[in-house]
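Structure assessment
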Amino acid sequence: MTDVVDADELLRRIRVARDWAAEREAGTAGGGYPSGADAGSGPPADGIDRVVFSAVREVLDEIINPGTHSRRR
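These figures come from a predicted structure and were not determined experimentally.

What counts and how
- Residues numbered from 1 in each chain as written.
- Predicted model: local features only at pLDDT ≥ 70, side-chain atom pairs only at ≥ 80, totals over all residues.
- Heavy atoms only, no water.
- Helix = DSSP H or I, 4+ residues; strand = E, 2+ residues; numbered from the N terminus.
- Expected span 1.5 Å × (residues − 1).
- Buried < 20%, exposed > 50% of the residue type's maximum accessible area, 1.4 Å probe, protein only.
- Arc of directions from axis to C-beta.
- Contact = heavy atoms within 4.5 Å.
- Salt bridge = Lys/Arg side-chain N within 4 Å of Asp/Glu carboxyl O.

Describing helix α1 (residues 7–26)
- A rise of 1.5 Å per residue sets the reference length of α1, with its 20 residues, at 28 Å; its end C-alpha atoms lie 29 Å apart and thus fit the reference within 8%.
- Those residues of α1 not exposed but buried are Ile14, Arg18, Trp20, Ala21 and Arg24. Axial view of α1: buried residues confined to an arc of 165°, hence all on one face. Residues of α1 that are exposed and point over 90 degrees away from its buried face: Asp8 and Ala26.
- Buried residues along α1 sit against α2 (48–64).

What follows is the structure in structure tokens.
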């Protein structure tokens, strides 16, 4: 990763990753990475994978909209 990106491109990439994690969490994605690369293709998420994708999605949501999410404890 030697590309230099501006803030708009970084935000776009974060949103793409968040949407991908949400699809995987819902079990609607067929696999692959957000960039469209075939590495990591596989069946939709289930069980613990959904928990992991949910956590990733929540973190990315918090980066995009800081302070708007409730804390669960």
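Thoughts on the pattern of salt bridges
- Under the criterion given, the structure shown has 7 salt bridges.
- The salt bridge partner of Arg18 is Asp61, with a shortest N-O separation of 3.5 Å. Note that Arg18 is positioned in helix α1 and Asp61 in helix α2, a separation of 43 residues in sequence. In terms of burial, Arg18 and Asp61 fall into one category: buried.
- Residues Arg57 and Glu58 are paired through a salt bridge, measuring 4.0 Å at the closest nitrogen-oxygen approach.

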